[in-house]
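# Chains, contacts and geometry: an overview
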There are 2 protein chains.
Amino acid sequence: MTERIREFLRDRRERGIDEGPVLVVDLDVVKDNYTAFAKALPDTRVFYAVKANPAPEVLSLLASMGSCFDTASVQEIEMALAAGATPDRISFGNTIKKERDIARAYALGIRLFAIDCQAEADKVARAAPGAKVFCRILCDGAGAEWPLSRKFGCEPAMAVDVLEHAFKAGLEPYGISFHVGSQQRNQHAWDRALAQAAAVFKECGERGINLSMVNLGGGFPTKYLKNVPTVRTYGNAIFKALRKHFGNRIPETIIEPGRGMVGNAGMIETEVVLVSKKSEEDDVRWVYLDIGKFGGLAETMDESIRYAIKTPRDADAMAPCVLAGPTCDSADVLYEKQPYPLPVSLEIGDKLLIEGTGAYTSTYSAVAFNGLPPLKTIHI
Amino acid sequence: MTERIREFLRDRRERGIDEGPVLVVDLDVVKDNYTAFAKALPDTRVFYAVKANPAPEVLSLLASMGSCFDTASVQEIEMALAAGATPDRISFGNTIKKERDIARAYALGIRLFAIDCQAEADKVARAAPGAKVFCRILCDGAGAEWPLSRKFGCEPAMAVDVLEHAFKAGLEPYGISFHVGSQQRNQHAWDRALAQAAAVFKECGERGINLSMVNLGGGFPTKYLKNVPTVRTYGNAIFKALRKHFGNRIPETIIEPGRGMVGNAGMIETEVVLVSKKSEEDDVRWVYLDIGKFGGLAETMDESIRYAIKTPRDADAMAPCVLAGPTCDSADVLYEKQPYPLPVSLEIGDKLLIEGTGAYTSTYSAVAFNGLPPLKTIHI
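Residues numbered from 1 in each chain as written. Chains lettered and ligands numbered in written order. Predicted model: local features only at pLDDT ≥ 70, side-chain atom pairs only at ≥ 80, totals over all residues. Heavy atoms only, no water.

Attention now goes to the overall build of chain A. Secondary structure assignment for chain A yields ten helices and 18 strands. Here chain A has a C-alpha radius of gyration of 22 Å; the compact-globule value for 380 residues is 21 Å, and the two agree. On the principal axes, the C-alpha backbone points of chain A span a range of 70 × 35 × 35 Å. Put simply, of all contacts in chain A between residues at least 6 apart along the chain, 71% involve residues at least 24 apart. Surface exposure of chain A reaches about 13700 Å², of which carbon and sulfur atoms provide 50%. Averaged over its 45 positive side-chain charges, chain A has a centre that lies 5 Å from the centre of its 49 negative ones. (Helix = DSSP H or I, 4+ residues; strand = E, 2+ residues; numbered from the N terminus. Rg over C-alpha atoms; globule rule 2.2 N^0.38 Å. Contact = heavy atoms within 4.5 Å. Areas by Shrake-Rupley, 256 points an atom, 1.4 Å probe, with all protein chains shown as cover. Lys, Arg positive; Asp, Glu negative; His and termini not counted. Charge placed at Lys NZ, Arg CZ, Asp CG, Glu CD.)

And the structure:
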C-alpha cells in the first residue's frame, strides 16, 4: 500500500475516470525490492521471473538496475531483450520447451536453459549446441502458500543421469535448480533443497562433471494478510545453508524472485457491484466485485492466496462475506470456504483496494471471458 | 469430431502452418445444433449463451437463423447487435450488473434483465425504467459436471418478494429463471426446478402479479468421454415437466444453451511438447502439451471437464499419464488425480486433438500468461 498509488487513484477519480477494475503498480517499490535482494544476497545474481509481471516498465527498470531475467517462453525472451537486457543476462527457465522455440532462443543469443529429463536435454543439444544447462530437481515445497505440484523437476538421483546425458550430448552441465514453492513463508525451506543440490554436485563430480551453479529459484513472499520475514532474513538463512552444505566451496548462485520483486508494488482498485443475500435467513452476505478469478485474481484458486482488502469503511463493524467475481461463471467465487470479513456497512459502488496484487494478476487475466476486457494496468 | 475440421487441419499442415495450439470450430455443427434445439422445443425461444463462444462467425450464423441471445455484459450485447440481432432478441442475463452498464444496455434498446435480489431490482428500476425482469432462483444442480455454486439466484420464497419489489419499483415482473448446472447429463433435472418455478408463479399470482415466462436456462451437455442424452430427449423431458407443473397453462419459455450449442463444434489441435518421468521408478509418465489451464482449458479446474483426446497412435497400447500444460505454473496441470490413458508410444511432436472444445475455451484463455498468446481460433 503506497501513498503514491493512493494519490494516483484519488487524482484519477477527480478527473472523472471511473472505468474499473484497474491495477496500479508503483515502480519505486520494485526498485526498493531489487535493491533489497541485491543487498541481502550480494554474491547472488538476480534473475527476475518475468512471468510475475512482464510489463515493459518493470522490465526496463530492472534491466537498468542490472537485473538478469528468468523467462518462460520466446515471447518473454523478446520482452527482456526489448527492455535492454543482453542475452547473457537471460535464462530460458521453462523445463517444457518446443525444440523450435529453443532454436529461436538460441538464435536470439540465449545460452542458458533449464532441463529436467534426458529428452529435454536432447532437444537443447540439437537446437542450442554447446549451451549451458541446469537440471531442476524436485523439492517438496512444504510451507509454501501457492501449491507446487511435481510438474517441474526430477528426483535428485535422476538429475545426475540427466546432466551426464547432457554432457555426452555436447552441452555444458552448469548446475542445479529447485523451487521451494511460491509464497514460501519459511526462510529455512532452502536448507533441505541445498542438501540435495550438494549431493548432486558431489555425485556429478565423481563422474567427472563439475557443476558450477545453484539456482535457488523463487518463493520469496509478498505480505498478504500474514506477516512475512524480510528479504534480509531469507538472505541470511540461505547463506547459512549454503555454507553448511557446500563448506568453503560455495558455488555461483542465482535467485529468481517474481512475487517477491513486484507483488507488494501493485494494488487493484475494484468496485462493489452487488451486496445480497440468498434468503431472508442467510447470515452471510454475498459481495460481488468487478474483478474475479478470470479477471486477474486466478491465484484465489482453491482460496490459495488470501489478499488483504481495504475498504473506505474499515472502522465499522465487520461480518463475514462470500466474495465473488462479476462473471456468469459459478466457479468465479474468490472466498467462500473461508468467508472474508468486510464492513457490515459496505455498499454497492464502494471502491475497494486489493493489496499485494503486483504479481501474477495482469497476465493471468482472461482475454475476453464474458466480453470483459483484460485487467487494465498502469505503472507509475 | 468432424471430417471438415480434420481436412482443414490436414490442409493447414500441408501448407506448412504449424503454429499451435489452435481451436477450429465447424459452423455446420453449430447450425445443426440450433436446428435440433428449435425442433426439440418448438414453442421455446432459444437465447444462445454468448459467453460460451462469442466469435462473430458464431453470432452471425445464429442471428441469421433466428436465435436470440443471452448476454453477460455490455460488450456481449454490442457483439450480438453487431451480429445482426435486434435488441428485443437480447437479454442481459447476468444478475450482477453495474448500474451504469444497465443504463448502457437500456440505451442500446435492451428491455429484458435478470435479477436475484431487491438491490439489483432497484438498479434496473433506476437505469432501465419499465423494463421486464426475471428473477433467478437457486437450484441444486445435482447431476451436473461443471459445479454450480450458490452464486446466482435466491431461494424461491425470496423470489416472490423480489418480483413484488420490482413491480412496486415500476418494472414488469416477467418470469423466473433457473439453471440446472452446466453439462447436466440428467434430463430430469428440470423437473424439480419447474416445480419450484410453478410455486413462485402461484404465489406471485396470489399477490396480483402474473408472471408470463420461465427461463429454463442452459445445462444442455456436450459429449466428452461419456455419452449424453439427445437434445430431443431433453426436449421431451422438459415438456413433460412443464405439463406436469403448469397443467394446461404452460408459460412462455426460453432456453439458454451455450455448451450444448457450440461445444461439439470445436476441436483443439495441440502438440506434445515433452514426455518424461520424474524418476526411473515412476510408472506414470508426465505428458506436457502446448495448451493448458491458462491457454483455454480452464474447465479442467478440479478436473471437472474431462475431454476426449485423440492421438495418431490410438491403436497402440495405452497407459495412464499425468497431463499438464506448457506454463511455468505448477497449477497448470490438467489431469493428475485421475491420470489420463494415452498410447505408450506417444512421442514429442505428436499432434493431439482435444474434442468438444467449442465452448468455454477461447475467451477463457489468459491474455499473455508466460508471454504465451491467447488461443488462436478459426471458424470454418
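Screw-axis analysis of chain B against chain A gives a translation of 0.0 Å along the axis, an RMSD of 0.0 Å, and a rotation angle of 180 degrees. Put plainly, the chains are arranged around a two-fold axis. A share of 100% of the interface residues of chain B reappears at the interface of chain A, consistent with the copies meeting face to face through the same patch. (Least-squares fit on C-alpha atoms with pLDDT ≥ 70 in both.)

Here we come to the environment of Asn53 of chain B. Residue and element names in this part refer to chain B. Looking at the element boundaries, Asn53 is found in the loop between strand E2 (44–49) and helix H3 (56–65). Discounting residues that sit within four places of it in the chain, Asn53 has contacts with Val25, Tyr48, Val58, Leu59, Val262, Gly358, Ser362 and His379. In this structure the side chain of Asn53 is engaged in a polar contact, spanning 3.0 Å, whose partner is the backbone nitrogen of Ala55. A polar contact is formed between the side chain of Asn53 and the backbone oxygen of Gly358, at a distance of 3.2 Å. (Polar contact = N/O pair within 3.5 Å; in protein donor to acceptor, adjacent residues only side chain to side chain.)

So, about unusual backbone geometry. Residues other than glycine predominantly adopt negative phi, and peptide bonds predominantly adopt the trans conformation. Residue and element names in this part refer to chain A. A cis amide bond, omega -10 degrees, links Gly20 with the succeeding residue Pro21. Looking at the secondary structure, you find Pro21 in the loop between helix H1 (3–14) and strand E1 (22–25). Positive phi outside glycine occurs at Tyr360, with the angle close to 55 degrees. Looking at the element boundaries, Tyr360 is found in the loop between strand E17 (351–355) and strand E18 (376–379). For Tyr360, a relative accessible area of 9% translates into the label buried. (Buried < 20%, exposed > 50% of the residue type's maximum accessible area, 1.4 Å probe, protein only.)

It is worth spelling out the domain arrangement of chain A at this point. Residue and element names in this part refer to chain A. When the domains of chain A are assigned, the result is domain 1 (3–23 + 264–379) and domain 2 (93–257). Once you take the C-alpha centre of each, domain 1 and domain 2 turn out to be 36 Å apart. Each side of the interface is counted separately: domain 1 has 13 residues, and domain 2 has seven residues. Between domain 1 and domain 2, the buried area comes to about 860 Å², and carbon and sulfur atoms account for 64% of it. Here domain 1 is connected to domain 2 by zero salt bridges. (Domains from an automatic or database assignment. Buried area = accessible area lost by both parts, 1.4 Å probe. Salt bridge = Lys/Arg side-chain N within 4 Å of Asp/Glu carboxyl O.)

Before going further, it helps to examine the pairing of strand E3 (residues 68–71) of chain B. Residue and element names in this part refer to chain B. The side-chain alternation of E3 yields two buried faces, one formed by Cys68 and Asp70 and the other by Phe69 and Thr71. In this view, the connection linking E2 to its parallel neighbour E3 by way of H3 has right-handed handedness. In this structure, E3 lies alongside strand E4 (residues 90–92), joined through three bridges in parallel fashion. Looking at the pairing, Phe69 lines up with Ile90 of E4. Tracing the backbone out of E3, into helix H4 (residues 74–82) and back to the parallel element E4 gives a crossover that is right-handed. (Right-handed = clockwise from strand over helix to strand, strands pointing away. Pairing = 2+ DSSP bridges.)

Before going further, it helps to examine the pattern of salt bridges. All names here are of chain A. Within this structure, the stated rule accounts for 58 salt bridges over all chains. Measuring nitrogen to oxygen at the nearest pair gives 2.8 Å for the salt bridge that ties Arg126 to Glu99. Of the two residues, Arg126 sits in helix H6 (residues 118–127) while Glu99 sits in helix H5 (residues 99–107), which places them 27 residues apart along the sequence. A salt bridge links Asp191 to Lys244; the nearest nitrogen and oxygen atoms lie 3.1 Å apart. You can see Asp191 sitting in helix H8 (residues 189–206) and its partner Lys244 sitting in helix H9 (residues 231–246), a full 53 residues away along the chain. Overall, the relative accessible area of 25% leaves Asp191 in the partly exposed class.

This paragraph deals with the interface of chain B and chain A. Where the parts come together, the accessible area they lose is often given as the size of the interface. Between chain B and chain A, the residue contacts involve 77 residues of the former and 77 residues of the latter. For the pair chain B and chain A, the summed buried area comes to about 5800 Å², and 59% of that belongs to carbon and sulfur atoms. There are 14 salt bridges connecting chain B and chain A. Across the pair Asp116 of chain A and Lys278 of chain B runs a salt bridge, and its minimum N-O distance is 3.7 Å. Remark: the boundary between chain B and chain A carries 38 residue pairs in polar contact (both at pLDDT 80 or more). Put simply, the parts of the chain that give the side of chain B that touches chain A at least two residues each are H4, helix H5 (99–107), helix H6 (118–127), helix H7 (156–168), strand E12 (266–276), strand E13 (285–289) and strand E16 (333–343) of chain B. When residues in the side of chain B that touches chain A are grouped by element, the largest group, five residues, is from E12 of chain B. Residue classes in the side of chain B that touches chain A are distributed as 34 nonpolar, 18 polar and 25 charged. (Nonpolar A, V, L, I, M, F, W, Y, C, P; charged D, E, K, R; others polar.)

Let us now look at the UniProt feature "modified residue: N6-(pyridoxal phosphate)lysine" (unreviewed entry) in chain A. The positions that UniProt labels "modified residue: N6-(pyridoxal phosphate)lysine" (unreviewed entry) are, in the present scheme, Lys51 of chain A. Within the fold, Lys51 of chain A resides in the loop between strand E2 (44–49) and helix H3 (56–65). Looking at Lys51 of chain A, the relative accessible area reads 12%, which means it is buried. Those residues within four positions of Lys51 of chain A in sequence are excluded, and the remaining contacts are Asp70, Glu76, Tyr360 and Thr363 of chain A together with Cys328, Phe369 and Asn370 of chain B. (UniProt positions renumbered as here; feature names shortened; annotations may be inferred.)

Turning to the packing of H5 of chain A against H6 of chain A, a few remarks are in order. Residue and element names in this part refer to chain A. H6 packs onto H5 with a crossing angle of 45 degrees between their chain directions and a minimal axis gap of 9 Å. Here H6 runs oblique to H5, going by the angle between their axes. Taken as a pair, H5 and H6 cross one another with a handedness that is right-handed. Within the contact between the two elements, H5 uses Glu99, Ile102, Ala103 and Tyr106 and H6 uses Glu120, Lys123, Val124, Arg126 and Ala127. Of the residues contributing to the contact of H5 with H6, the split by class is five nonpolar, no polar and four charged. (Axes fitted to C-alpha atoms, helices over the stretch in contact; angles between N-to-C directions. Parallel < 35°, antiparallel > 145°, perpendicular 65-115°, else oblique. Left-handed = near helix turned anticlockwise from the far one by under 90°.)

This part is about the state of the cysteines. Residues and elements named next belong to chain A. Summed over the entire model, instances satisfying the criterion amount to zero disulfides over all chains. Free cysteine Cys135: the closest other cysteine sulfur is in Cys154, separated by 3.9 Å. Judged by relative accessible area, which is 0%, Cys135 ranks as buried. (Disulfide = S-S within 2.5 Å.)

Our focus in this paragraph is H4 of chain B. Residue and element names in this part refer to chain B. For H4, the set of buried residues is Val74, Glu76, Ile77 and Ala80. Looking straight down H4, one finds that the buried residues subtend no more than 160 degrees of arc, so they occupy a single side. Buried residues along H4 sit against H3, E3, E4 and H5. Within two residues after H4, Gly84 carries a phi angle of roughly 110 degrees, on the positive side. (Arc of directions from axis to C-beta.)

The next subject is the environment of Gly235 of chain A. All names here are of chain A. Note that Gly235 resides in helix H9. Separated by 193 residues in sequence, Gly235 and Pro42 place their C-alpha atoms 8.9 Å apart. What Gly235 contacts, discounting residues up to four positions off in sequence, is Ala40 and Leu41.

Once that is clear, we can look at the packing of helix H2 (residues 27–40) of chain B against H3 of chain B. Any two packed helices are characterised by how steeply their axes cross, that is the angle between the axes, and by the distance between the axes. Residues and elements named next belong to chain B. Their axes nearest at 10 Å, the elements H2 and H3 cross at an angle of 35 degrees. Judged by the sense of rotation from one axis to the other, the crossing of H2 with H3 is right-handed. The residues of H3 that touch H2, namely those facing Leu27, Val30, Lys31, Tyr34 and Thr35, are Glu57, Val58, Leu61, Leu62 and Met65.

Turning next to H8 of chain A. Residue and element names in this part refer to chain A. The terminal C-alpha atoms of H8, which comprises 18 residues, lie 27 Å apart, in line with the 26 Å expected from a rise of 1.5 Å per residue. Turning to H8, its buried residues number three or more, namely Ala189, Trp190, Ala193, Leu194, Ala197, Ala198, Val200, Phe201 and Cys204. End-on view of H8: buried residues confined to an arc of 160 degrees, all on one side of the axis. Along H8, exposed side chains directed more than 90 degrees from the buried face belong to Lys202 and Glu206. Looking at the packing, one finds that the buried side of H8 touches helix H7 (156–168), strand E8 (172–177), strand E9 (182–184), strand E10 (213–215) and H9. Positioned one or two residues after H8, Gly208 has a phi angle of 80 degrees, which is positive. (Expected span 1.5 Å × (residues − 1).)

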